[in-house]
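Commentary on secondary and tertiary structure
What follows is the residue order along each chain.
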Amino acid sequence: MATVKWLFLDLMLLFLLLHDAIADHSESNAEKLTESKSLVHIGAIFDPDTLEGAIAEISMSLAIEDFYALHPNYQSRLFVHFTTAKDLVTTAAAAVDLLKKFQVQAIIGPQIPAAAPFLVELGEKAQVPIISFFETSPALSPTEHPFFIRVTQNDSHQVKAISAVLQNFSWHEVVLMYEDTNYGAGFISFLVDELQENDIRISHMSKIPTSAEDFQISKELSKLSTMQTRVFIVHMNTALASRLFALVAKNGMMSKGYTWIVTACLSNSLNVLDSEVIDSMEGVLGVRSHLPKSKELGLFDRRWKSKLHSMKPNSSVTEINISGLWAYDTIFALAKAVEKILSPINPSIVNPSNPSESTTDFGSLGFSRIGHILCNQILITQFKGLSGEFHLVNGQLESSVFEIVNVIGTGRVVGYWTSEKGLAQTLDLTSKNDLKQIIWPGDSTIAPTGWAIPSLVVGTPVRLGFPQFLSVHEDGDLNKTTYTGFCMEIFNATLEIVEEKLGMKIHPQLVPYEDENGEMAGTYDELLYQIKLKKFDAVVGDISIVASRTDYVEFTLPYSESGVTMLVPVKRDNRHNMWIFLKPWTWDLWLAVIIACIFIALIIRTMEHQTENSEFGGSPRRQLGMIFLFPFYAMVIPQRELVVKDCSKFVLVIWLWLAFILMQSYTASLSSILTVDQLEPTFADLKKLRTESHFVGFQSGSFVEDFLVKQLNFSRNQTRPLSNFGEYKEALSNGSRKGGVSAIFEEIPYIKVFLKKYSSKYTTAGPIYRTDGLGFAFAKDSPLVSHFSQAILLVRENQTRMDRIEKKYFGENVMTPTLARSISSESSSLRAYNFGGLFIIVGIATLLALLISERYIWQKPVSLVNKYLTSQKSPSNEVELVAQPTTLPETDIAGGHSLSPDQAEDSGNSERTNFGHISGDTSAGEDETENAEAHHS
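Here the residue index of a chain counts from 1 through its sequence in written order. Local features in this predicted model are restricted to residues of pLDDT 70 or higher, and side-chain atom pairs are both shown and tallied only at a pLDDT of 80 or more, whereas totals for entire chains, interfaces and linings draw on every residue. Derived side-chain values reflect all non-hydrogen atoms in the structure, with water molecules and hydrogen atoms excluded from consideration.

Quick note on the threshold: UniProt positions are given in the numbering used here, feature names are shortened, and annotations may be inferred rather than shown by experiment.
The protein is annotated in an unreviewed UniProt entry as Glutamate receptor from Citrus x changshan-huyou. Entered under Subcellular location (unreviewed entry) in the UniProt record, the comment concerning the protein runs "Membrane". In its Function (unreviewed entry) section, the UniProt entry covering the protein states "Glutamate-gated receptor that probably acts as non-selective cation channel."

1. Side note on the environment of V165
Quick note on the threshold: A run of H or I in DSSP becomes a helix once it reaches four residues, and a run of E becomes a strand once it reaches two; helices and strands are each numbered from the N terminus. Note on definitions: a residue-residue contact is assigned when non-hydrogen atoms from the two residues lie within 4.5 Å.
Within the secondary structure layout, V165 lies in helix α6 (residues 155-168). Here the alpha-carbon distance between V165 and G286, two residues 121 residues apart in the chain, equals 9.9 Å. Sequence-distant contacts of V165, that is, excluding residues within four places in its chain, are made with W171, I261, L285, I404 and L423.

2. Quick look at the packing of α6 against helix α7 (residues 182-197)
Our working definition: Convention adopted: a line fitted to C-alpha atoms gives each axis, helices being fitted over their contacting stretch, and angles between N-to-C directions are expressed from 0 to 180 degrees. By definition in this entry, angles of less than 35 degrees are roughly parallel, angles greater than 145 are roughly antiparallel, angles of 65 to 115 are roughly perpendicular, and the rest are oblique. The hand of a helix crossing depends on one turn: near helix anticlockwise from the far one by less than a right angle means left-handed, and clockwise means right-handed. By the convention adopted, Pro, Cys, Tyr, Trp, Phe, Met, Ile, Leu, Val and Ala count as nonpolar, Lys, Arg, Asp and Glu as charged, and the other residues, Gly among them, as polar.
Remark: α6 packs on α7, axes separated minimally by 9 Å, with the N-to-C direction vectors making an angle of 45°. The pairing of α6 with α7 is recorded here as oblique in orientation. Viewed along their axes, α6 and α7 form a crossing whose handedness is right-handed. Mapping the contact onto sequence places D155, S156, Q158, V159, K160, I162, S163 and L166 in α6 and F187, F190, L191, E194 and L195 in α7. Residues belonging to the contact of α6 with α7 are distributed by class as follows: seven nonpolar, three polar and three charged.

3. What to know about the nonpolar core
For clarity, the threshold we go by: Here, the term nonpolar core denotes a set of buried Ala, Val, Leu, Ile, Met, Phe, Trp, Tyr and Cys residues that are joined through side-chain atoms within 4.5 Å. A simple rule labels every residue: compare its accessible area, found with a 1.4 Å probe on the protein chains alone, to the largest value its type can have, and call it buried under 20%, exposed over 50%, or partly exposed in between.
The biggest cluster of nonpolar side chains holds 54 residues, and the ones touching the most others in it are M60, L78, F133, W304 and L334. At the level of secondary structure, the elements contributing two or more residues to this core comprise β1 (38-46), α3 (51-70), β2 (76-84), β3 (106-108), β5 (148-153), α12 (295-311), α13 (322-341) and α14 (371-380). By residue number, the principal contributor to this core is α13, which donates 13 residues. When residues no more than four places from it in sequence are discounted, the contact partners of F133 are A56, M60, I108, V151, T152, S323, W326, A327 and T330.

4. Brief notes about the pattern of salt bridges
Basically, it comes down to this: The salt bridge criterion pairs a side-chain nitrogen of Lys or Arg with a carboxyl oxygen of Asp or Glu, the two atoms within 4 Å.
One pass over the structure, following the stated rule, counts 17 salt bridges. Salt bridges sharing common partners tie together D47, D49 and K86.

5. Here's the deal with the sheet that holds strand β8 (residues 231-235)
Where we set the bar: Paired strands are those between which DSSP finds at least two bridges.
Read across the open sheet, the eight strands follow the order β7-β6-β8-β9-β10-β17-β18-β19; overall the sheet is mixed. Bordering the open sheet on either side are β7 (201-208) and β19 (422-424), each of which pairs with just one other strand. Within the sheet, the average angular offset between the axes of one strand and its neighbour, ignoring direction, is 25°. Relative to strand β17 (residues 401-406), strand β10 (residues 285-289) runs antiparallel, the two sharing five bridges.

6. Focus on the environment of Q103
Relative to the elements of secondary structure, Q103 occurs in the loop between α4 (88-101) and β3. The partly exposed category is assigned to Q103, whose relative accessible area is 27%. A sequence separation of 62 residues divides Q103 from H41, and the C-alpha atoms of the two residues are 6.9 Å apart.

Here's what the structure looks like:
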């Protein structure tokens, strides 16, 4: 049905154009018709001589004709007063004139963004809706200004679409170029917030005044061309942007490697730009409002061009843009709203009590009777217009779809962005979350990296005392400086990988950080701070990765191991000590062995004293000497039978087992001391170094000084800076008493190189304090950091190449993961604790043998206990059970006489304890028991 109406309208308009007589007659009929309709005055403020103004004027005129041709029975008619305004002053004057002279009920405009805030305030005072389909600052919010209606898409959605494009190509750094107006600044503030939320860094913001001359723009472009960032986002009106891109192409910045993204402010008008401007923009990406295709839109385009030729036959305008379609839909929405609210209310302005005749007297403005109701009616009006669905949300056009266009001709759609799905090639639900093939500047099909390195100034430390790490050689005759060393070799290796990966050649400019005397101009921290001051782009050398330095630089992954430890002299070689034979055991183990020997001899003496063993006989002095010599005597003459009783033999075997183990351990420990070069550090206790006022050294200019003072709590007066390995050796040799140092705290790579040369007199001691190692430093958020970090991993994983570099500067196995020598300072002597279990086993076994052999030791206590228990249970006149041993034959032990074999046998038999029943009186039994005990003792 709608198609039939449009065809009818086309035929009617064509008929009007071909027949002037019919047109005149229709005009007179229209005047008569207007007299019977309610006429509502509407103001429109723009510049018809500009591209946007001409398109708006034609679209609005055509909309008036089309709407009332489609709705001839409506009782209201809009009458639009087109007013020309070329600047802020004329816009203000035109607005006041429209309100006072024509009593307009709504104002469409302004075209000038800077005039929008004033016009909105004026609309609120007069209670007249201000409707704009031109670009205005996002800071001018319809939610804060109830009489302001923006018939354009929400900029908060557009910035999300731009951010999605940047993330899709992994561009993390951009340059913003925008017009220096409230409109430009307002949009950029939205964009900056969105980019920061997605961790996209803004390296530079360039404001271009609308009145800037070409040479001023070219100067700004020349400055931007020296920056590493190659992604530019442009937000400008069509007039300024057209000049900009012509100069961009002229300055060679529309070539391979560059990326230009334009906002909808320019992208929406690509089809109306001059062909020369389009040619200068080839390869540009744009974000623009989505325009659904329809048959009505195609028919309207032909009628619009016809209207263009009739109204502006000499205009340079050839096509309509989406802004013209919004103007067309705005008239439709306004006419619909007026028709709904007009009948009960008189559309007039209520003037103040003392009106002024001056058109610039703002205080004399009245207010509209229908303004508030009309504004609310427009906000709820919905219909399908030529630009799509007309639906206002929070005072502005609701649309969550944007097109991503590639400027090839008037623009080729390569994808879409929606709030629900993000980027996609089409609007289908099954479409890929990606963009179609893009032709980039320079006719390249490869997506740019987003940055380039026009010049890379690399600062280097001046290390006169550590040439293995970095050495600078200046040749005055050839005026050439050569850099060598382990750090520079790693840098060159990683640089090759980065160049290959990025497909570009990087030419670093190496600059030594030195003063006029050729010495280092400051500390390492001061050297790194030059990056923040933008004097260097990077720093390469033996740079330690320290947390405090990350405030102003960003480090790559480490290319060398980490850690700080203590370097000290070694003590004198123990092999020159005349008492070295005591070294295998500590004093407590020697004492334990002596006590064990005496203990074993006493036990065997106790068990052998009643036998015919003559080894333990003789004078007390001889017996005492035998007690001390017996353990060694048993080991020296094992074939001689020294004991008689079986239990004594068992104890002797236990002792020999203990002695064998102790001798083997002693031999092994002594062999180790005599054959292995034991490097015992002179100092291993930090507390001793601090409290006894020893001096400690560190590498001059390194972070270790602060590490000693702040973390290890050394006084700054105790620290001594040292510049090279020669000073290290001299200071350690002299010691604190002779003006040197007692220890040097240094990073592990330097210590390994030092020990490679002076390993016989120095060693490491104490714990290793972990650091992050050596790395390269770049500016914060530099895109080179990630690429060099990946390259460092590849170099370190290539073990053959890494070994070759290390061998070249340090020799064999110096930079291995562990230190060249053990840093343990603990003694290698054996302690009593090491044999504690063995001593416990021997002691228990010996005591058990003694108890079995000499039962009288435990029989008498048992007898006394039994006696006590019996006396508590039985009456005194009852029979008592008494254990009474048979009396032994007298033996002259003191005299050393032994028993005959027969006597010994009888004695052995008589040792059995006889138990008998004793009846009679109790006292007799007690006397007999006492006599037996006395005789036994």
